[in-house]
Structures are given as structure tokens and as C-alpha cells.
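Breakdown of the fold
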Number of protein chains: 2
Amino acid sequence: MRFNALKRDIHGISQKVLSQVLKNLERDGLILRTAYPTVPVTVEYSLKPLGTTLIEAVSSLTHWAETHMSEIQAAQHLYDASKA
Amino acid sequence: MRFNALKRDIHGISQKVLSQVLKNLERDGLILRTAYPTVPVTVEYSLKPLGTTLIEAVSSLTHWAETHMSEIQAAQHLYDASKA
DNA sequence: CTGCATCCAATTGGATACTG
DNA sequence: CAGTATCCAATTGGATGCAG
């Protein structure tokens, strides 16, 4: 995946933050950064095996959030109403 | 669990942040806050079922972090050495 | 004991301009 | 295209003092 493709897909992220995050992920060994000597330079980011395992771990949290979102919103409404 | 017990157990958290977090967790329906009318007041926090399910989901991430910590540190050292 | 209010320092992140 | 550098605004969080 290319830099600008990631920037497009991760809606709302700034170039600065995306750069920082990618550099950290690369340093942690989660992703691989490959630069091809074209003009202008082409950079490709890909998942390393370790990164894939993290995605799987995070996915369970994502799933939790999705399945309980409405329940949490209901609790928030109850709470807010009880305070008003 | 009492407020000050939580503050002791969560090493390094400030009273301000702990208050904020607890209030948010209560609003989200993850924990239950019970105040007993003693002098001074006694407040007890406990997990609600929804909170327990979140702990289980987070646990898989915790486990991931623990098992891959050394692998990540090794990657960081390699990265840092390659940049120096 | 359990907080809330305030002040202040540090971190974070967006916008913009610039480079190989 | 893929960043880096800079400036600046907003958020975060600690420390302290106060209150029910």
C-alpha cells in the first residue's frame, strides 16, 4: 500500500501523523517499508507477520466495540437523563 | 473496589485522571458506582457485566503485548542500529 | 474519603511551506 | 510522491487547594 493510498483510506488523518505512525510501526517491526528508486520515488508499505498478528488481536476489540456500541449509547442516554 | 484502592493499584495515575476515567466508565455502563451515606462518604466501584466483557476483549491485546514485547524491542534495536 | 475547580506545563496534532 | 520542518492551537494531565 502506498503512502497516499493510506492517507486516503484513513479518513481524516494528517500527513504528519501518518508519517509518524508509519515510522513507529516500521521501527517496531510491524510493517515493512520498501522504497523503489523511481522518479519520483515510490514507497510501498506492507504488513510483516508480527503486524498481522496485532491486527488479529485488535480485531477482537473492534468487534467488541461494534457489537456493544448501541448498548453503550443507551447507557449514556440513561446517565445523562438521570443527571439532568 | 474503593477509590483510593484503585488509585493505589493503578500505579502513577493522578486523582484527576482516575476521577475522569471512572465517571466515563460509569456513564458508558461499564462500571457501577455505589455511594454509602457514611461520614465520610464511602464509594464502591464494581464491574457491570458489560465491563467484564470489555476486560476479556482487552485481555487478548494485553496478552499480545506481553508475548511480543521482546520481539518488538529487538526490532527497535535493529532499526536504531541501522540508522546510526 | 471522594471528589471538583483551578492553574500551569507538556504533549499532540493540524496547517502550511518546502525538498529530493 | 513521500516525506520534513516549522508554527501554532487545542488537548491532556499533574499539582494544589478546597468542599461535602
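Conventions used here
Residues numbered from 1 in each chain as written. Chains lettered and ligands numbered in written order. Predicted model: local features only at pLDDT ≥ 70, side-chain atom pairs only at ≥ 80, totals over all residues. Heavy atoms only, no water. Least-squares fit on C-alpha atoms with pLDDT ≥ 70 in both. Contact = heavy atoms within 4.5 Å. Near = heavy atom within 4 Å. Polar contact = N/O pair within 3.5 Å; in protein donor to acceptor, adjacent residues only side chain to side chain. Helix = DSSP H or I, 4+ residues; strand = E, 2+ residues; numbered from the N terminus. Nonpolar A, V, L, I, M, F, W, Y, C, P; charged D, E, K, R; others polar.

By the naming in an unreviewed UniProt entry, chain A goes by HTH hxlR-type domain-containing protein and is assigned to Gluconobacter japonicus.

**Considering the relation of the copies chain B and chain A**
Superposition of the two copies of the chain requires a rotation about an axis together with a shift along that axis. Mapping chain B onto chain A calls for a rotation angle of 180° and an axial translation of 0.0 Å; the resulting RMSD is 0.1 Å. Here the symmetry operator amounts to a two-fold rotation axis. In this assembly the copies share their binding face: 100% of the residues contributing to the interface of chain B also contribute to that of chain A.

**Description of the protein's contact with DNA strand C**
Close contacts around DNA strand C come from 17 residues, with S14 and K16 of chain A together with Q15, R33 and Y45 of chain B the closest. For DNA strand C, the fraction of protein-proximal atoms (within 4 Å) that sit in sugar or phosphate groups is 57%. A distance of 3.5 Å separates a phosphate oxygen of DNA strand C from a polar backbone atom of F3 of chain B. At 2.8 Å, a side-chain N or O of N4 of chain B approaches a phosphate oxygen of DNA strand C. Breaking the surface near DNA strand C down by element, the ones donating at least two residues are α2 (15-27) of chain A together with α1 (3-9), α2 (15-27) and β2 (42-47) of chain B. With four residues, α2 of chain B is the largest single contributor of residues to the surface near DNA strand C. Tallied by class, the residues present in the surface near DNA strand C amount to seven nonpolar, five polar and five charged.

**A look at the protein's contact with DNA strand D**
Close contacts around DNA strand D come from 17 residues, with R2, Q15 and Y45 of chain A together with S14 and K16 of chain B the closest. A share of 57% is what sugar and phosphate atoms reach among the atoms of DNA strand D within 4 Å of the protein. Side-chain polar atom of R33 of chain A to a phosphate oxygen of DNA strand D: 2.8 Å apart, as the coordinates give it. In this structure, a base oxygen belonging to DNA strand D sits 2.3 Å away from a side-chain N or O atom of K16 of chain B. Contributing elements (two or more residues each) for the surface near DNA strand D: α1 (3-9), α2 and β2 (42-47) of chain A together with α2 of chain B. The element contributing the most residues to the surface near DNA strand D is α2 of chain A, with four residues.

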